[in-house]
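# Observations on the three-dimensional arrangement
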Amino acid sequence: MSVITVENISKQYIIDHQRSKGATTLRDALTQTGRKWFGRDTDANNQLEREEFWALRDVSFSVEQGDRVGIVGHNGAGKSTLLKVLSKIIEPTTGSVRIKGRVASLLEVGTGFHPELTGRENIFLNGSLLGMTRQEIKQQFDAIVDFAGVEKFLDTPVKRYSSGMYVRLGFAISAHLNPEIMIVDEVLAVGDAEFQKKSLGKMRDNSASGRTILFVSHNLTAVQALCNKTLFFEKGQLIEQGETNYVIQSYLNKISKTKLLREWATPEEAPGNDLVRIHRVELIPEYPDDLHHIDVRTPMRVRFEFWNRMERANLNLSLHLNSITGECIFNIGTQSLPYGKGLIGGECVIPGYFLNDGSYTISVMVVKDTVTPLFTLEDSLTFDVEDYREGIAWYGKWPGYVRPQIPFEMESLEIETLK
Amino acid sequence: MKVQETIIQPGRAERHYWRDLWRNRELLYILAMRDVSVRYKQTILGTSWSVVRPLATMLVMVLVFSKIAKLPAEPGIPYPLMVLAGITIWTFFANGFTQISSSVTMNANLVTKVYFPRLLMPLSSAVVSLIDFLIALGLFMVIALVYRFIPDWHILFLPLFMLLAFGAAFAFGLFFAALNVRFRDIGQLIPFLVQVGFYACPVAYTSKLVEGYWWYKFYRLNPMVGIIDGFRWSLLKGDSYLDPQSIIYSVGIVVVCLFVSISFFRSRENSFVDDI
């Protein structure tokens, strides 16, 4: 039995660019009306500055009872808009949705929490906002408090809570909702690892009892762990749907902004200056299997070549590996040696099981006499390292910049025998 | 168990809107309690503020209007009581109006994150101002006793005027609340309107003072004129001035405005989330 039927849903927004007529202040609205009435309408000019934007376009799908549906896509792909349409928060521009059963939407942890109110008061506030009756909240009250672990602070205003406590309380309330359909947006992105594990477990228990779940997340591992079906959105359109592993694979292939090779054929067009010019920088992964994407296991080589335009100079190449957010993970330099005019090349090997999952960029810098930087090519390469785990039932974000497999062992030292 | 079916379509008026509203009455209660209990958190005087404030306003009014401006009281009525009656009902209207107007924008975080009938937000603000009003009314009764002024059967009409004031605050507030979502100018405009209203309505005087002027027939078109005069009339044993004609205007205008405001609000509420 399909519990959610979505037919040709679209949501359009009109974006008003500057100097446009979309009245945003009362003054604009009044002068506009004035112009219309007095025939000095300049609509024609302004029409050009209005732009249509489709947050969702012709989306159709259906969800069976008990399905756990993951929704993946870039920021701005329309995932959240879809959830808001299904939650009746946003009205679609066209199309229709049919939902059988009570829906609870969890678009934010601790919706409506008021900082001045105590934990106890906020449980009732948030619970009723999410559609629970006072009776239901009272019944679940102890379970909620227990799950969140905030017994001691029940009568403290939540503004005094740590952010962790705040999030735990918020999630605990929503985890004890009892709807037939649950819509969840990115809630696992918060909280510490232990709590994430608990939350995911709770959601799986829920689905085991026949509940339908719609789950948006950027955490593909969590989607894989929880969902049996997945929808993949891009630019407001549903471009792929089906069995989770299959959809996630095609999503990974599509989203990678990966730039593994930068190459310039002649020194004239190459970036650089009179002293040095970059010829090529390339990242060569050694894929462990036939899925062509880099994960934490994958060893890589960074190959670089540059032209030296000076007669004789002591040069070395300094390589920076940065996270996408700009922190330097490591910096490594070649030995400084004398080189003549011509093409110089080299290679750096990044072993597998070294980088943690995430997105990285590589910058290269040519240095003279170990102190003078001659030219830097910022963010020349970009690549993603996907997560990979074996024999681990925990799917939270693995912390840390690196994930090395260095020797680390444990053994039983003494066995207490029963007397 | 009966399975509830929801259909979402553009422009589809919620068939069960009023039933939904009724079902969410618990949420209304909780939202109102939130606003009430949050207001005096971290204050020393706490809830006594809702008594101290009208009392202080009355003292100032009495001083300014009766001692300095020398406005006349009607025969047989102590001036402070006359002013206090006016302030009580005016404050109810003004606070209700102000809070209802900003109710939707104040709850922006809810509008974008959960669905519930949007009318709950202005309703809960209205409930909050009603509670304040009841406290102020109690205060009035106490002071009336101090002046040995015991209300008589005229007080039976009090609920009518309270209802009218509530209706007026709700009607005007609702309209501006919906408008405020799109045009934040409203937020700037409201304190000004309230200030003008204070002088344009018979708060510190009774309409008897302006009865003789040629513009009186326009003056009494203001629905609050009939409401304030009537409220005072029913509290003060029918001794104060009341123009029956102005009550007819009040009832008519309030009913029409309520109808217009509610339909305006309902037509706008689906796009609140896009504009807020």
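None of the values given here were measured: they were computed from a predicted structure. (Residues numbered from 1 in each chain as written. Chains lettered and ligands numbered in written order. Predicted model: local features only at pLDDT ≥ 70, side-chain atom pairs only at ≥ 80, totals over all residues.)

## Details of the overall build of chain B
Summing up its helical and strand segments, chain B has 13 helices and one strand in all. Sequence-ordered secondary structure for chain B, helices as α and strands as β, is β-α-α-α-α-α-α-α-α-α-α-α-α-α. Here the C-alpha atoms of chain B give a radius of gyration of 20 Å, agreeing with the 19 Å that 2.2 N^0.38 yields for 276 residues. For chain B, the spread of C-alpha atoms along the principal axes amounts to about 65 × 45 × 40 Å. Out of the 276 residues belonging to chain B, those deemed buried represent 41%. For chain B, restricting intrachain contacts to residue pairs at least 6 apart in sequence, the fraction spanning at least 24 positions comes to 79%. (Helix = DSSP H or I, 4+ residues; strand = E, 2+ residues; numbered from the N terminus. Rg over C-alpha atoms; globule rule 2.2 N^0.38 Å. Buried ≥ 20, exposed ≤ 12 C-beta atoms within 10 Å, placed from the backbone. Contact = placed C-beta atoms within 7 Å.)

## Focus on the overall build of chain A
A tally of helices and strands in chain A yields nine helices and 16 strands. Long-range pairs, those at least 24 residues apart, make up 70% of the contacts in chain A with a sequence separation of at least 6.

## Remarks on the sheet that holds strand S9 (residues 237-243) of chain A
Residues and elements named next belong to chain A. Sheet architecture is open: six strands sit in the order S5-S6-S7-S3-S8-S9, paired in mixed fashion. Sheet topology places strand S5 (103-106) and S9 at the edges, where each strand pairs with a single neighbour. Adjacent strand axes in the sheet meet at a mean angle of 15° when their direction is disregarded. Pairing analysis gives four bridges linking strand S3 (residues 68-73) to strand S7 (residues 212-216), with the strands arranged parallel. Across the sheet, Gly 70 pairs through a bridge with Phe 215, a residue of S7. Relative to S7, helix H3 (residues 79-86) is tilted by about 145°, and along the sheet it contacts S3, S5, strand S6 (181-185), S7 and strand S8 (229-234). (Pairing = 2+ DSSP bridges. Axes fitted to C-alpha atoms, helices over the stretch in contact; angles between N-to-C directions.)

## Notes on the nonpolar core
The biggest cluster of nonpolar side chains holds 137 residues, and the ones touching the most others in it are Phe 215 of chain A together with Phe 93, Ala 165 and Ala 168 of chain B. Looking at this core element by element, the count peaks at 16 residues for helix H8 (residues 158-182) of chain B. Beyond its immediate sequence surroundings of up to four residues, Phe 215 of chain A is in contact with Arg 68, Val 69, Gly 70, Ile 71, Val 184, Val 223, Leu 226 and Cys 227 of chain A. Counting 27 residues, the second-largest nonpolar core is a separate cluster that includes Leu 283, Met 300, Leu 377 and Leu 381 of chain A. (Core = buried A, V, L, I, M, F, W, Y, C linked by C-beta atoms within 7 Å.)

## Overview of the confidence of the model for chain A
Residue and element names in this part refer to chain A. Chain-level statistics for chain A give a pLDDT mean of 83 and a share of 88% at 70 or above. Per-residue pLDDT, averaged within each element of chain A, yields its smallest value for helix H2 (residues 43-47) (47) and its largest for strand S14 (residues 337-350) (93). Note that residues 41-48 has pLDDT below 50 and, in this model, six contacts with residues that lie over four places away or in other chains. (pLDDT = per-residue confidence, 0-100.)

## With respect to helix H5 (residues 134-148) of chain A
Residue and element names in this part refer to chain A. A bend of about 55° at Gln 140 is the largest found in H5. Every buried residue of H5 is listed here: Ile 137, Gln 140, Ile 144, Val 145, Phe 147 and Ala 148. Considering only its buried residues, H5 is in contact with helix H4 (119-129) and helix H6 (163-175). (Bend = angle between axes of the 7 residues up to and from the residue.)

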